[in-house]
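Chains, contacts and geometry: an overview
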Amino acid sequence: MAKHIVAYDENGLFTQSQYDLYLNNTQLNYTESLQKKDFGWQTIIDNQSDKNHTIINFKVDAQGKIVESEQIKKSDAENFVFSQNDRYQFDNNNCLVSKQITWKIEDIEAKQNNNVYSQKGDSSYTFINRSNL
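No experiment lies behind these values; they were computed from the predicted model shown.

**Things to note about the sheet that holds strand E3 (residues 27-36)**
Ordered in space as E1-E2-E3-E4-E5-E6-E7-E8-E9, the nine strands form an open sheet in which the pairing is antiparallel. In this open sheet, the two strands that pair with only one neighbour each are strand E1 (2-8) and strand E9 (118-126). Within this sheet the neighbouring strands show an average axis-to-axis angle of 10°, counted without direction. Inspection of the sheet shows strand E2 (residues 14-23) paired to E3 by eight bridges, in the antiparallel sense. Along E3, the bridge assignment pairs Gln16 with Gln35.

Right, dumping it as structure tokens:
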């Protein structure tokens, strides 16, 4: 069974969404919440089956375009924390032209024992508007 609730402001603009998925109609298994914030949007995802908790913050510019996002995912089952920061750049036609990503995975158990174990990396993507070619 699933339950989905959507909220709008007085102008009819979307402000919040809550999606819940239940097992056997009673046990909450998955929930995803999207809410408008001062900086943009925030998504919170809780997945009981794989014991993951994720928070994603989307920062937007004055036009509402996502210019930066930050994701933090914690897994109780696998003992890790994953974080990722993305930066987006748009051209004068509001087309995405580049995306820079930095990420890091930390082992929670190793960090608690002062044995900091982490992996990290970054990527850069460039997009071409084929209609201008």
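**Brief notes about a nonpolar patch on the surface**
Taken together, the side chains of Val6, Tyr8 and Phe14 make up a nonpolar region of the molecular surface, amounting to roughly 260 Å² of accessible area. With respect to the helices and strands, the residue Phe14 is situated in strand E2. A relative accessible area of 30% places Phe14 in the partly exposed class.

**A closer look at the packing of aromatic side chains**
Applying the stated criterion across every chain yields a total of three aromatic pairs. With centroids separated by 6.4 Å and ring planes inclined at 75°, the aromatic side chains of Tyr8 and Phe14 adopt a geometry described as edge-to-face. Take Tyr8: its relative accessible area is 52%, and that puts it in the exposed class. Seen in terms of ring centroids, Tyr19 and Tyr30 are 6.4 Å apart; in terms of plane orientation they differ by 70°. Their pairing is edge-to-face. Of this pair, Tyr19 sits in strand E2 while Tyr30 sits in strand E3, placing them 11 residues apart in sequence. Tyr19 gets classed as partly exposed once you look at its relative accessible area, which sits at 31%. Look at Tyr30 and you get buried, because its relative accessible area is 19%. These aromatic residues form a ring-pair network of at least three members: Tyr8, Phe14 and Trp41. The residue whose ring lies beneath Lys65 is Phe90, and the NZ or CZ to ring-centre distance is 5.3 Å.

Definitions and cut-offs
Residues numbered from 1 in each chain as written. Predicted model: local features only at pLDDT ≥ 70, side-chain atom pairs only at ≥ 80, totals over all residues. Heavy atoms only, no water. Pairing = 2+ DSSP bridges. Helix = DSSP H or I, 4+ residues; strand = E, 2+ residues; numbered from the N terminus. Axes fitted to C-alpha atoms, helices over the stretch in contact; angles between N-to-C directions. Patch = residues over 30% accessible without salt bridge, like charges linked within 9 Å, V, L, I, M, F, W, Y side chains within 5 Å. Areas by Shrake-Rupley, 256 points an atom, 1.4 Å probe, with all protein chains shown as cover. Salt bridge = Lys/Arg side-chain N within 4 Å of Asp/Glu carboxyl O. Buried < 20%, exposed > 50% of the residue type's maximum accessible area, 1.4 Å probe, protein only. Phe/Tyr/Trp six-rings, centres within 6.5 Å; stacked < 30°, edge-to-face > 60°. Lys NZ or Arg CZ within 6 Å of the ring centre and 35° of its normal.

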